[in-house]
Each structure stands twice: as C-alpha cells, then as structure tokens.
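The lines below spell out each chain.
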Amino acid sequence: MTGRTQWWFPDNTVLCNFAAVDRLPLLEKVLDGRGRWSEAVAREARLSARRLPPLTGLVDRGSLGEPIEITDVDVRAEVERLRRAVFGGDRRRPTQHLGEAETLALITRAPGFRRSVWISDDRDAARYARRRGITTLETYDLVAAAVRERLLSPAEAHELLHRMTVAGRHLHRTSSGPEEFGTGHIPPS
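These numbers come from a predicted model, not from an experiment.

Now, about unusual backbone geometry: what can you tell me, with residues and values included?
The backbone phi angle of Asp22 is positive, close to 55°, even though this residue is not glycine. Note that Asp22 resides in the loop between helix 1 (12–20) and helix 2 (24–31). For Asp22, a relative accessible area of 54% puts it in the exposed group. The backbone of Arg150 shows a phi angle near 65°, a positive value even though the residue is not glycine. Relative to the assigned elements, Arg150 resides in the loop between helix 8 (139–148) and helix 9 (154–166). Residue classification places Arg150 among the partly exposed positions, given a relative accessible area of 40%.

Here's what the structure looks like:
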C-alpha cells in the first residue's frame, strides 16, 4: 500500500452482493488493501449481517480498515446536505442514505480521500457521483477485475454474477456470457 493515493470505497450494496454468495474473500483480494468505509457504511454492514452472516467476518477481520468518522463541521454539513437534497433522505430518518452521503463527502471534501473510487450498484447514486467526476465502479467491474487478476476464470465470473442475481441481489450490470470477460479458462496463478 505504500505510495497509494487512491482508496476504494464499496457501499453496502456491493458488500451484500458478495456476502449473498459467500464470496467476500474474493472481494477482499480484489480490493487488495485499498478498501475503506465510512461509519455509516460499516453500521449498515453490521445490520445487514443479520440476514447475510458472512458480513460478520468482514467486519471482524477489519478488511476495510477502521470506519472513518467525519468530525469536520463543514464536511458533516455537506453530508447532511447530500443526504437530504441529493439522495432524498428524510429529516425524520437520519440514517436514510447516510452511507452514500458520507462516502461522497469523504471523496469530495476530505483531503486524504480525494481521487478515491466509489463502488456502488445504486444506479442513481453512481450516476450523481459520475457527474461530479468521481470514478465509480460496480460489482460487475470488481468481478471483471478478478478475471484480469486471474482470481476467476471468465466462466466463473459469469456464474458468480448469475448467482448474485439468483440470490436476489439487484446488480446494475450483469454479463450475457463468459466471453465478456475474455476467452478460455484462465488457470489459477
């Protein structure tokens, strides 16, 4: 990690996608020490672990580092503005869209996290982030990265995305076949 200037922030939807098919270790390998999360996303993951127990291991292993607490008053104000004005959060439900708002505020306002990557399958949130110039990936992109890094074969990648959708996950993008990820089987390194 020495010299890295770019962090990757998966949101809870992405964490749940991998947990639903018990493939969080694959996500951790793709993140390769670059993964981070805000306090709200960590809280969402702990709550989601009630129905997706593999998330408990992610939280316990600390794979995404300590949850980032936003203490700067101006950044906190930006979090609330984003949560309500951009993502439609309700004043009476203070945690609604808090993970998205915290992550976006960290990436745009906190000096140590500028140029970070946001990973989300929330179509509207990702579209907003892209319009703001934030590099945004989806679960599909992480699975494609796993193929490039020889962690999965193209056939395994296609099957993994299919299993996520069968498990009830709503991916923004899926594959039409293994050929999207290259041809042939890539043997493990």
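Got a sec to walk through helix 7 (residues 123–131)? Specific residues and values, please.
Within helix 7, the full set of buried residues consists of Ala125, Ala126, Tyr128 and Ala129. Along helix 7, the residues classed as buried sweep out an arc of 160° about the axis, all on the same side. For helix 7, the exposed residues lying more than 90 degrees away from the buried face are Asp124 and Arg131. Packed against the buried residues of helix 7 are helix 5 (73–86), helix 6 (98–109), strand 2 (117–119) and strand 3 (136–137).

Explain the nonpolar core residue by residue, including any values.
The biggest cluster of nonpolar side chains holds 38 residues, and the ones touching the most others in it are Leu15, Phe18 and Leu55. Among the elements of the structure, helix 1, helix 2, helix 3 (39–48), helix 4 (54–61), strand 2, helix 8 and helix 9 are those that each provide at least two residues to this core. With 7 residues, helix 8 is the largest single contributor of residues to this core. The contact partners of Leu15, leaving out residues within four places of it in the chain, are Pro10, Leu24, Leu27, Trp37, Val41, Ala45, Leu55, Leu58 and Leu64. In this structure, Trp7, Ala40, Leu106 and Ile134 belong to the second largest nonpolar core, which totals 22 residues.

Describe the sheet that holds strand 2, with residues and values.
Spatially, the 3 strands line up as an open sheet ordered 1-2-3, and their pairing is parallel. Among the strands making up the open sheet, the edge pair consists of strand 1 (8–10) and strand 3. In terms of strand pairing, strand 1 meets strand 2 through 3 bridges, oriented parallel. Residue pairing for strand 2: Pro10 is matched across the bridge by Ile119. This element, helix 6, spans strand 1 and strand 2 of the sheet and lies at about 165° to strand 2.

Account for helix 2, naming residues and giving values.
The element helix 2 is largely enclosed, with a buried count of 6 among its 8 residues. Buried within helix 2 we find Leu24, Leu26, Leu27, Glu28, Val30 and Leu31. Looking at the buried side of helix 2, the elements it contacts are strand 1, helix 1, helix 4, strand 2, helix 8 and helix 9. At the C-terminal side of helix 2, Asp32 shows a positive phi close to 50°.

Calculation notes
- Position numbers for residues count from 1 along each chain, tracking the sequence in the order it is written.
- A pLDDT threshold of at least 70 governs which residues receive local features in this predicted model, and a stricter bar of 80 or more applies before side-chain atom pairs are shown or counted, although totals over entire chains, interfaces and linings include all residues.
- Excluding hydrogens and water, the side-chain values take into account all heavy atoms of the structure.
- Only DSSP runs of H or I with at least four residues qualify as helices, and only runs of E with at least two residues qualify as strands; both kinds are numbered from the N terminus onward.
- Note on classification: 1.4 Å probe, protein chains only; a residue is buried when its accessible area is under 20% of the maximum for its type, exposed when over 50%, partly exposed between these limits.
- Regarding the arc, it is the one traced by the directions from the helix axis to the C-beta atoms.
- Here a residue-residue contact requires only that any non-hydrogen atoms of the pair lie within 4.5 Å.
- Nine residue types can take part in a nonpolar core, namely buried Ala, Val, Leu, Ile, Met, Phe, Trp, Tyr and Cys, and a core is a set of them joined through side-chain atoms within 4.5 Å.
- Two strands make a pair as long as DSSP finds a minimum of two bridges between them.
- Note on geometry: axes are lines fitted to C-alpha atoms, helical ones only across the stretch in contact, with angles between N-to-C directions running from 0 to 180 degrees.

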